[in-house]
Amino acid sequence: MYLATTGRPDTPPAPGAPPGAARRVPGTVIALGAVSLVTDISSEMVTAVLPLYFVLGLGLTPLQFGFLDGLFNGVTALVRLAGGHAADRGGRHKRVAGAGYALSACSRLGLLLAGGATGGIAAALAADRIGKGIRTAPRDAMITLSSPPETLGRAFGVHRAMDTTGALLGPLAAFGLLWATADAYDAVFVVSFCTGLLGVVLLALLVPGHFSLPAAAPAPTPAAAAPAPTPALSPAAGSGSVFEPLRSPAFRRILAAAALLGAATIGDAFVYLLLQRRLDVGVVWFPLLPLGAAAVYLLLAVPAGRLADRVGRRAPFLCGHVALLAAYLLLLTPINGTVVLALVLVLVGAFYASTDGVLMAFAGPLLPAARRASGLALLQTGQAVARLIAAAGFGAAWTLWGQRPALAAAATAMLTALVLARAVLPRTEQERQAP
């Protein structure tokens, strides 16, 4: 059980406080985790039924659905920059995140009102993806601004575990509603809309509106390998360019490494499709594959975050990509049956547990408070765009060369990216002090 601190989230423990006080997860992180849990139940309810609704209910072809989904996922990556920049202007992290959560919630109502109109469906999908893009960087910035730098790995681990709990419950709730209402998709959209609004209410009531960390707080955990100090930005930097965080050499190196590794990540959908082809998984069971990886993510998120706090965030981040490389190699072996299925899902879940929140904890303390959301948005956007390019490249390679050669090329690319990223990533303080 993780205890929330009382009082201001960024206040250090008072003299004479118990030794573990500084290690407790701040109340703001717990509140943001609750918001993410409820919101993910809402969003995953819709995500789980959209392919069935569009292809079977509305008669769209898989190509049409794939085009819409891919297009709006690409838009999400770019909208994050605008959301991060807006949040930094005057420290409006909560307001900008709330707008993103509210827009995503209203998109469920848009799906209900759209009926079968393609334009209405496209508008609702766009609103959902834009809302997600707007809220992500401000939310992660609030986590970094409310937690001591030395415990950020644990804080992100707790948040991601709560977030993933919602992702697990959402599909189960959707299929339960469809079973109880004889495939009434409208019921799913209505319940999803109400659940999304609950997330907005929780954000308004539980999350503080302002944080008082200094604009250029020192970062004791991550440290660049180069002796040159990170340039400090002024408190007024929130009104500067969205690319101003790139002035930090250490942050640029983290961004470059994340983009390199992202360009070698083929995407979950392809991994699950490869499993389906390899093991002849039935269509009925195929939607449950992501739940297996999500369950592993849920179990490992907090331990991975705590480990990152102890040994430094560089090693767990690289090891997470090693786990993904192992999943690719396992799919190339002649092993069949439930063994390969279980191992691949465990490795994919371990990959996310060791990289998602750990990367934000790695980069956050290197950014001044006034540009925290913008910097994290740049990092998330660079990684997302690289992964989109990787997915498109893998799809083309699969079409031209076949399944195994394309997967072998992806494994080679990941190994190369790991070697380069290890050289590029700045060393953490723990690694520099190691004998």
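Here the structure is a predicted model, which is why all the values come from computation and not from measurement.

Criteria and cut-off values
Residues numbered from 1 in each chain as written. Predicted model: local features only at pLDDT ≥ 70, side-chain atom pairs only at ≥ 80, totals over all residues. Heavy atoms only, no water. Helix = DSSP H or I, 4+ residues; strand = E, 2+ residues; numbered from the N terminus. Buried < 20%, exposed > 50% of the residue type's maximum accessible area, 1.4 Å probe, protein only. Contact = heavy atoms within 4.5 Å. Areas by Shrake-Rupley, 256 points an atom, 1.4 Å probe, with all protein chains shown as cover. Axes fitted to C-alpha atoms, helices over the stretch in contact; angles between N-to-C directions. Left-handed = near helix turned anticlockwise from the far one by under 90°. Nonpolar A, V, L, I, M, F, W, Y, C, P; charged D, E, K, R; others polar. Phe/Tyr/Trp six-rings, centres within 6.5 Å; stacked < 30°, edge-to-face > 60°. Core = buried A, V, L, I, M, F, W, Y, C linked by side-chain atoms within 4.5 Å. Salt bridge = Lys/Arg side-chain N within 4 Å of Asp/Glu carboxyl O.

### Topic: the overall build of the protein
For the protein, the count of helices and strands is 14 helices and zero strands. Put simply, the protein runs from its N terminus to its C terminus through helices and strands in the order α-α-α-α-α-α-α-α-α-α-α-α-α-α. A burial count over the protein gives 51% of its 435 residues as buried. When contacts within the protein are restricted to residue pairs at least 6 apart in sequence, those whose partners lie at least 24 apart make up 84%. Just so you have it, the protein exposes about 18,200 Å², and 70% of that area is on carbon and sulfur atoms.

### Description of the packing of helix α5 (residues 152–180) against helix α11 (residues 338–363)
Where α5 meets α11, the axes come as close as 8 Å, and the angle between the chain directions of the two elements is 145°. For the crossing formed where α5 meets α11, the hand is right-handed. Across from L152, G153, F156 and R160 in α5, the residues of α11 making contact are D356, G357, M360 and A361. Within the contact of α5 with α11, the residues separate by chemical class into four nonpolar, two polar and two charged.

### A few points about the packing of aromatic side chains
Summed over the entire model, instances satisfying the criterion amount to five aromatic pairs. Between F394 and W398, the ring centres sit 5.9 Å apart and the planes meet at 65°, which makes this aromatic pair edge-to-face. Of this pair, F394 and W398 both sit in helix α12 (residues 372–401), separated by four residues, roughly a single helical turn. Neither F394 nor W398 differs from the other in exposure class; each is buried. Here a set of aromatic residues connected by ring pairs shows up, and it is made of F270, F394 and W398.

### Considerations on the nonpolar core
Within the largest apolar cluster, 91 residues are counted, with the highest numbers of intra-cluster contacts made by I266, V344 and L379. Sort the elements by how many residues they give to this core and α11 lands first, with 14 residues. Ignoring anything within four residues of it in the chain, the contact list for I266 reads V271, L274, Y328, A391, F394, L407 and A410.

### Let's talk about the pattern of salt bridges
This model, assessed by the stated rule, comprises eight salt bridges. With a closest N to O distance of 2.6 Å, D128 and R108 form a salt bridge. With D128 in helix α4 (residues 118–145) and R108 in helix α3 (residues 93–114), this pair connects stretches of sequence that are 20 residues apart. R108 gets classed as buried once you look at its relative accessible area, which sits at 2%. One salt bridge in this structure joins D128 and R129, with 2.9 Å as the shortest N-O distance. Given a relative accessible area of 11%, R129 falls into the buried group. Each of R139, D140, R160 and D356 takes part in a single network of salt bridges with overlapping partners.

### Details of the environment of L246
Within the secondary structure, L246 is located in the loop between α6 (185–206) and α7 (249–262). L246 sits 129 residues away from G375 along the chain, and the two C-alpha atoms are 7.7 Å apart. Those residues in contact with L246, other than ones at most four positions away along the chain, are F251, R252, L255 and L378.

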